[in-house]
Amino acid sequence: PGVAGLGSKQGPCNLPADGDHFNISYSQHRMYERSLNQILQVLRRIRCLTYGMFLITFTTLILYLLHDVMSLTITRTRQTVYPLSYQEPGFGATIQMAYEETCEAQKNIIFTKTHKTGSSTITNILLRYGELHNLTQLLYQYPSSTEYKRLDDSKLMTGRYKANIFAQHAIHNREFLQHHIHNASKTFTILRSPVSQFLSAFSFFDKRRVYPADTFEESIKLFFKSHGHQRYMRETHFCKNCGNLVNANSFDMGFKMDQYVKSSDKDGFMSAFLEHASRSWDLVLITEYFDLSLVLLKRRFCLQFEDILYLRSLERVKKETVEEPYTLAAIVDMQRVDIAIYNYFNQSFWREVEKEAGIFEELAMFQKLNKVVQSFCVAGSKVGYQGTLANVLSEEGRKNFHCLAMNTRCLPFSLLLEGRDDSAVTPAQLQTLIEDQGADKDSLNYDQIQHLSRDTNIIQMASRNKLKL
């Protein structure tokens, strides 16, 4: 120790001399200080950025909530004749969405209820519409079933042979319905792509029980092979086990299958039917564009947003599909009558949409409002009728007429109205109805259909609830 190397300034233990040690320590200190200052500057910038992001997020949240509230400042007071115009304030600017129209709310309505097209949701809308605006329903005698094929006076509710609205399953009979529905009525229906309609009906009506197979698609193949279906609509209109499944929409619309098969000019027969149908139905909606269809219905029938709100129902838990081209081709071949009618009215639907200025902006607003109402009414889901999804209502929803009514299936809803309004219902029948319909807390019961208030504005109530949360 203590021997410095030649030509070096080193002290004991080979350390630098005191002056050099001080210079190096000072330089390192300055370097550390500069690094620390840079780190502090970065941290300050991160802190400012964090504060800024928090302020932007908080401001955006406030504006979003205010945006929801302000967007609900539309005048919804029903009048006999009223202008339809409104504007929606947006973020930092006013988004104008206005149209002017003078119209009178449609009170007399005929709905042709088709199978597996979303028609149950529309029937629910019309049943509620009648209840909320003191309009009468043309109903069957109590207790009705889900199916009445042919309309007949003997099937109608006792004491009511003329009404405002018809929205039940039946083969369309324009003359009969015009006789039993008050004057100045409008008629509409809804159609669905026949391939998806077939798949939905095959699953819903549990055809796999009749045609057991390992898979859904194999069951459909067995259905096609079982009864000589290749002859269907070529040599005969008879189709075993095809009810509500094959060409169901055209059957509901009153298409004469037997006459079509016997006709030597099938294209001419179809053209004549389509021409007649275009005059018979004032509006034909399309399931694949369900919300847009409801907004178009709202405009053409001069309804309000509250009138067309809905909760999803009767959706399959597991949506079965087919993949093989042969199977799809077989479905298309059997459904060719429905496909011709669907294609025709799908084109006419879009022609009607093109006439409506601002309809897509109104569609966006409707979907937003409907989502707010669904969030207010529904707390969860469960497996319900025939294995389909059913809603579990929230605590607030179980106290609200609109939520309960939207969540009540068509047949129980109709039975409640029949029990209340059919003069031929006996006390024993009424007691059975009260017991049967009182078990489900997520649907209307007889006491609620009689006494529960309908005066609340469900959109405003749901929006206030959202703002509170």
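Quantities reported herein were computed from a predicted structural model and do not represent experimental measurements. As a convention, each chain's residues are numbered from 1 in the sequence order in which they are written. In keeping with the predicted nature of the model, local features appear solely for residues at pLDDT of at least 70, side-chain atom pairs appear and are counted solely at 80 or more, and the whole-chain, interface and lining totals rest on all residues. Hydrogen atoms and water are omitted, and side-chain values are computed over all heavy atoms in the structure.

Focus: unusual backbone geometry
Among all residues except glycine, the phi angle is most often negative; among peptide bonds, the trans geometry is most common.
Moving on, step 1. Look at the link from Tyr-142 to Pro-143: it is a cis peptide, with omega at -5°.
Moving on, step 2. Counting from the N terminus, the helices are DSSP H or I runs at least four residues long and the strands are E runs at least two residues long. Mapped onto the elements, Pro-143 comes out in the loop between helix H2 (119-132) and strand E6 (165-166).
Moving on, step 3. Look at Lys-116: it is not a glycine, yet its phi comes out positive at around 55°.
Moving on, step 4. Relative to the assigned elements, Lys-116 resides in the loop between strand E5 (109-112) and H2.
Moving on, step 5. Given the relative accessible area of 15%, Lys-116 is considered buried.
Moving on, step 6. For Asn-247, which is not a glycine, the phi torsion comes out positive at approximately 50°.
Moving on, step 7. Locating Asn-247 in the fold gives a position in the loop between helix H5 (216-226) and helix H6 (248-252). In this scheme, a residue with accessible area under 20% of its type's maximum is buried, one over 50% is exposed, and one in between is partly exposed, where area comes from a 1.4 Å probe on protein chains only.

Some points on the pairing of E5
Moving on, step 1. Neither face of E5 is left uncovered, since the one carrying Ile-109 and Phe-111 and the one carrying Ile-110 and Thr-112 both have all their residues buried.
Moving on, step 2. The pairing criterion for strands is at least two bridges between them, as found by DSSP. Examined bridge by bridge, E5 and E6 share two bridges and lie parallel to one another. Bridging from a neighbouring strand, Ile-109 pairs with Ile-165 of E6.
Moving on, step 3. As paired strands, E5 and strand E7 (residues 186-191) are joined by four bridges and run parallel to one another. Note that in E7 the partner of Ile-109 across the bridge is Lys-186.

Examining the state of the cysteines
Moving on, step 1. By definition, disulfides here are pairs of cysteine sulfur atoms that lie within 2.5 Å. With the rule as written, the count across this model stands at two disulfides.
Moving on, step 2. For Cys-103, the disulfide goes to Cys-302, at an S-S distance of 1.8 Å. What sets the handedness of the Cys-103 and Cys-302 disulfide is the S-S torsion sign, and at about 65° it is right-handed. With a gap of 199 residues between them, Cys-103 in strand E4 (residues 102-104) and Cys-302 in the loop between helix H9 (290-300) and helix H10 (305-308) connect regions that are remote in the sequence.
Moving on, step 3. With a sulfur-sulfur separation of 2.0 Å, Cys-377 is cross-linked through a disulfide to Cys-403. Note on the Cys-377 and Cys-403 pair: the S-S dihedral is about -65°, so by sign convention the disulfide is left-handed. Separated by 26 residues along the polypeptide, Cys-377 in helix H13 (residues 359-377) and Cys-403 in helix H14 (residues 401-406) bring together distant segments of the chain.
Moving on, step 4. Using a relative accessible area of 0% as the deciding quantity, one classes Cys-377 as buried.
Moving on, step 5. Take Cys-403: its relative accessible area is 0%, and that puts it in the buried class.

Description of the pattern of salt bridges
Moving on, step 1. Every case where a carboxyl oxygen of Asp or Glu lies within 4 Å of a side-chain nitrogen of Lys or Arg is listed as a salt bridge. Summed over the entire model, instances satisfying the criterion amount to 20 salt bridges.
Moving on, step 2. Between Lys-221 and Glu-218 there is a salt bridge, and its shortest N-O distance comes to 3.5 Å. In this pair, Lys-221 and Glu-218 are both assigned in helix H5, three residues apart and thus about one turn of the helix distant.
Moving on, step 3. On the basis of relative accessible area, Lys-221 is assigned to the buried category, the value being 11%.
Moving on, step 4. Given the relative accessible area of 36%, Glu-218 is considered partly exposed.
Moving on, step 5. Because the salt bridges share partners, they merge into one network encompassing Lys-298, Arg-299, Arg-300, Glu-352, Lys-355, Glu-356 and Glu-362.

Section: the sheet that holds E6
Moving on, step 1. Here we have four strands laid out as an open sheet, ordered E6-E5-E7-E8, and parallel in their pairing. The open sheet has two edge strands, E6 and strand E8 (283-286), and neither has a second partner.
Moving on, step 2. The pairing of E7 with E8 spans four bridges and is classified as parallel. Among the inter-strand pairings, Thr-189 is bridged to a residue of E8, identified as Val-284.
Moving on, step 3. Any pair of residues with heavy atoms lying within 4.5 Å of one another is described as a contacting pair. Axes, fitted as lines to C-alpha atoms, cover a helix only where it is in contact. Angles between the N-to-C directions of the axes lie from 0 to 180 degrees. The strands touched by helix H12 (residues 336-354) are E7 and E8; relative to E8, the strand with the most contacts, the crossing angle is about 100°.

Digging into the packing of aromatic side chains
Moving on, step 1. Two aromatic rings from Phe, Tyr or Trp, using only the six-membered ring of Trp, form a pair when their centres are within 6.5 Å; if the ring planes differ by under 30 degrees the pair is stacked, by over 60 it is edge-to-face, and anything between is tilted. Here the structure, examined in full by the defined rule, presents 22 aromatic pairs.
Moving on, step 2. Here Phe-255 and Phe-273 contribute two aromatic rings whose centre-to-centre distance is 4.9 Å and whose plane-to-plane angle is 85°, an arrangement assigned as edge-to-face. Of the two residues, Phe-255 sits in the loop between H6 and helix H7 (257-262) while Phe-273 sits in helix H8 (residues 266-280), which places them 18 residues apart along the sequence.
Moving on, step 3. Looking at Phe-255, the relative accessible area reads 4%, which means it is buried.
Moving on, step 4. With a centroid separation of 5.9 Å and an interplanar angle of 65°, the aromatic rings of Tyr-260 and Phe-269 are classed as edge-to-face.
Moving on, step 5. Accessibility expressed as a relative area gives 9% for Tyr-260, which makes it buried.
Moving on, step 6. An aromatic cluster is defined as three or more aromatic residues linked by ring pairs; in this entry it consists of Phe-198, Phe-202, Tyr-211, Phe-216, Phe-223 and Phe-224.
Moving on, step 7. Positioned above the aromatic ring of Tyr-260 is the side chain of Lys-266, whose terminal nitrogen or guanidinium carbon lies 5.9 Å from the ring centre. Two thresholds decide whether a charge sits over a ring: the Lys NZ or Arg CZ must be within 6 Å of the ring centre and within 35 degrees of the ring normal.

Purely geometric numbers; function is a separate question.
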